[in-house]
Amino acid sequence: MAMDDSLRELYQEVILDHSRHPRHFGALANATHAGEGFNPLCGDRVKLTMAIDNSGRIADIKFEGKGCAISQASASLMTDMLAGRTVSEAETLMSGFLHLVRGEDAADLQGDDRDRLNVLAGISEYPMRVKCATLAWHTMKSALEGGTPAKTE
Amino acid sequence: MMAQIKPRLVGAFAPPRADFEILSRSVYGKPLVYLDSAASAQKPRQVLAAMSAFATGDYANVHRGVHFLSAAATQAYEAARETVRRFLNAGQAEEIVFTKNGTEAINLVAASYLAPRIRPGDEIVLTVMEHHSNIVPWHFLRERQGAVLKWVDVRDDGSLDIDVLNAAIGPKTKLVAITHMSNVLGTVTPLKEIVARAHAKGVPVLADGCQGAVHETVDVRDLDVDFYALTGHKLYGPTGIGALYAKREHLEAMRPFNGGGEMIREVTREAVSYADPPARFEAGTPPIIESVGLAAALDYLSSFDRAAIKAHEHALLSQAREAVREFNWLRVIGDAPGKGAILSFETEGMHAHDLATILDREGIAVRAGHHCAQPLMDRFSVASTTRASFALYNTREDVDALVEGLAKAWKILG
């Protein structure tokens, strides 16, 4: 029997590549914002540091973490996409991403952003795993809001 | 695809698959392979039928009314208590307190037995392989009353060194709280010897029997254990009911747990006096239908040769243990001699949740995570493990499916 297509989609090469070779991995020495996310159910952890300049632009962003392929790939992809964006763009992107992974209408997610985040769209078929994909994003939000630890469960 | 394949027999024991209708269902179009019984076991039709018959024929609240059904329900509820007594070989039915689960049974001991006896600096001895339900109640006493938790390590193979445990029991120790069988490692602790050592120093012992009661034959009088906690849903019974065995002398000296109906002798505007055990600890309407289910589950389990079940589960464990040796990317955590039928492992480059997701799509239910045993995860330097647990209804084919599923997962993720 052929391997489950939905599994192939979930664990497609892009995801595995991001999880094995995470982009922006590490911690910023000059961070203005930091957040920590933890999923107490599975032990996934994400530590996020951001340097946000006076114009509200994310000049640099890094993450450190430990966890499943989905949570790590999502963090890697997120940092890759947020670097250089404004805080308000980051929040819009997050809202679109949440719609996407929850299988809701993600009309607010367009163009290249949509294409890049689509690799995680398959998670909507795995309700128990959605929290893995959203952990980094909630951590980003909490860092912007002053660093209250984010939790997904 | 769903053709009933006759299971290959392991020794003399034939897994009673037909009693568990759920086992014949499919998941994602594949036959269900249920290897998560250590989290919760499936229920045989005998349990469901007993609950249904009671609820449709004899149900009312217990210990309250004078009417026919109330008497019938009370009789059934107290008969269930007697069944638990027999299952544990306790001396008296009054030594069995019904709770909502194993967690509540341990919390009851913490709140009603130990809390009034704890002075700052007093010690509670426990092991690193305890489930959170046998950790957090003691942390409460640390936070609120200054108790000191003394942690006993396990060996690298997951076994317990009783001399290390014994050395941890000192003049300030007020309780040894230890699992009978680890829900992660499968380690079975030498409870009788532990109790003997602790008693020699005047220290009582609480055993968390949530796994142990399922896989070991328990005789609380032979063990001489002071407290033994169990939960119904892992024993092929319903959720919402557990039980605490406690020696009568302890129960009589214990203050009430929850306050409410059933647990009083007399209530006035100025004062309250309490009922005798076990009613003193069973405030409010208890899990009545569930008590009937639990009794049916214990009767069901006792209708088999428990030693044959154990041999069967061990054969499945050995089959799985041997098969995974060929996976050099897999490390088993917990290889203690005489361990119970639980196989936990970590996988190199594959996170437990990714692995469990892939197995799930093959119809295989395993547990992934920290298994409510975070201190143990720290001990073995892992964030989480994948756990397959075996029950009386599992077959060699289930193990084959697990091994094939693991190989597939490695192909995708490895």
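Quick caveat: nothing in here was measured; it's all calculated off a predicted structure.

Now for the overall build of chain A. Secondary structure summary: chain A contains six helices and four strands in total. Listing the helices and strands of chain A from first to last along the sequence gives α-α-β-β-β-α-α-α-α-β. In terms of C-alpha radius of gyration, chain A reaches 15 Å, essentially the compact-globule figure of 15 Å for 153 residues. Dimensions of chain A, computed from the C-alpha atoms along their principal axes, are close to 55 × 30 × 25 Å. A total of 153 residues make up chain A; the buried ones form 42% of that total. Considering only residue pairs separated by 6 or more positions, chain A has 58% of its internal contacts joining residues 24 or more positions apart.

Bringing the packing of helix α4 (residues 87-101) of chain A against helix α6 (residues 130-144) of chain A into the picture now. All names here are of chain A. Relative orientation of the contacting elements α4 and α6 amounts to 160°, with a least axis distance of 11 Å. Compared by their axis directions, α4 and α6 come out roughly antiparallel. Between α4 and α6 the crossing geometry is left-handed. Residues Val-87, Ala-90, Met-94, Phe-97, Leu-98 and Val-101 of α4 form the contact with α6, whose own contacting residues are Val-130, Ala-133, Thr-134, Trp-137, Met-140, Lys-141 and Leu-144. By residue class, the composition of the contact of α4 with α6 is 11 nonpolar, one polar and one charged.

Next up on the list: the sheet that holds strand β13 (residues 330-333) of chain B. Residues and elements named next belong to chain B. With antiparallel pairing, four strands are arranged side by side in an open sheet as β13-β14-β17-β16. A strand with exactly one partner marks an edge of an open sheet, and here the two such strands are β13 and β16 (367-369). Mean inter-strand twist for the sheet, computed between neighbouring axes without regard to direction, equals 30°. Pairing of β13 with strand β14 (residues 342-347) involves four bridges; the strand directions are antiparallel. For Ile-333, the partnering residue across the bridge sits in β14 and is Ser-344. Helix α12 (residues 352-361) contacts β14, β16 and β17 (385-389) of the sheet and is inclined by roughly 160° relative to β16.

Glancing now at the interface of chain B and chain A. Contacts between chain B and chain A engage 13 residues on the former and 14 residues on the latter. Mapped by element, the contributors of at least two residues to the side of chain B that touches chain A are α12, β16 and α14 (396-413) of chain B. If one sorts the elements of the side of chain B that touches chain A by residue count, α12 of chain B sits on top with five residues. Residue classes in the side of chain B that touches chain A are distributed as five nonpolar, six polar and two charged.

A separate point is α4 of chain A. Residue and element names in this part refer to chain A. The end-to-end C-alpha distance of α4 is 21 Å, a good match for the 21 Å that 15 residues give at a rise of 1.5 Å each. Turning to α4, its buried residues number three or more, namely Ala-90, Leu-93, Phe-97, Leu-100 and Val-101. Each buried residue of α4 sits inside an arc of 80° when the element is viewed along its axis, so together they form one side.

Attention shifts here to the domain arrangement of chain B. Residues and elements named next belong to chain B. Domains assigned within chain B are domain 1 (17-31 + 305-413) and domain 2 (48-302). Once you take the C-alpha centre of each, domain 1 and domain 2 turn out to be 28 Å apart. Contacts between domain 1 and domain 2 engage 22 residues on the former and 22 residues on the latter. The set of elements that each furnish at least two residues to the side of domain 1 that touches domain 2 consists of α11 (306-323), β14, α13 (374-379) and β17. Its residues placed into classes, the side of domain 1 that touches domain 2 shows nine nonpolar, six polar and seven charged.

The next thing to look at is the sheet that holds strand β10 (residues 242-246) of chain B. All names here are of chain B. Read from one edge to the other, the open sheet built from seven strands follows the order β4-β10-β9-β8-β7-β5-β6, with strand pairing classed as mixed. Of all the strands in the sheet, the pair left with one neighbour each is β4 (96-99) and β6 (148-152). For this sheet, the mean angle separating the axes of adjacent strands, direction not counted, is 20°. Note: strand β8 (residues 205-208) against strand β9 (residues 227-231), three bridges, orientation parallel. Looking across to β9, one finds that Leu-206 is bridged to Phe-227. Sheet strands in contact with helix α6 (residues 191-200) are β7 (173-179) and β8, and its direction is about 160° off that of β8.

Each value, and the rule that gives it
- Residues numbered from 1 in each chain as written.
- Chains lettered and ligands numbered in written order.
- Predicted model: local features only at pLDDT ≥ 70, side-chain atom pairs only at ≥ 80, totals over all residues.
- Helix = DSSP H or I, 4+ residues; strand = E, 2+ residues; numbered from the N terminus.
- Rg over C-alpha atoms; globule rule 2.2 N^0.38 Å.
- Buried ≥ 20, exposed ≤ 12 C-beta atoms within 10 Å, placed from the backbone.
- Contact = placed C-beta atoms within 7 Å.
- Axes fitted to C-alpha atoms, helices over the stretch in contact; angles between N-to-C directions.
- Parallel < 35°, antiparallel > 145°, perpendicular 65-115°, else oblique.
- Left-handed = near helix turned anticlockwise from the far one by under 90°.
- Nonpolar A, V, L, I, M, F, W, Y, C, P; charged D, E, K, R; others polar.
- Pairing = 2+ DSSP bridges.
- Expected span 1.5 Å × (residues − 1).
- Arc of directions from axis to C-beta.
- Domains from an automatic or database assignment.

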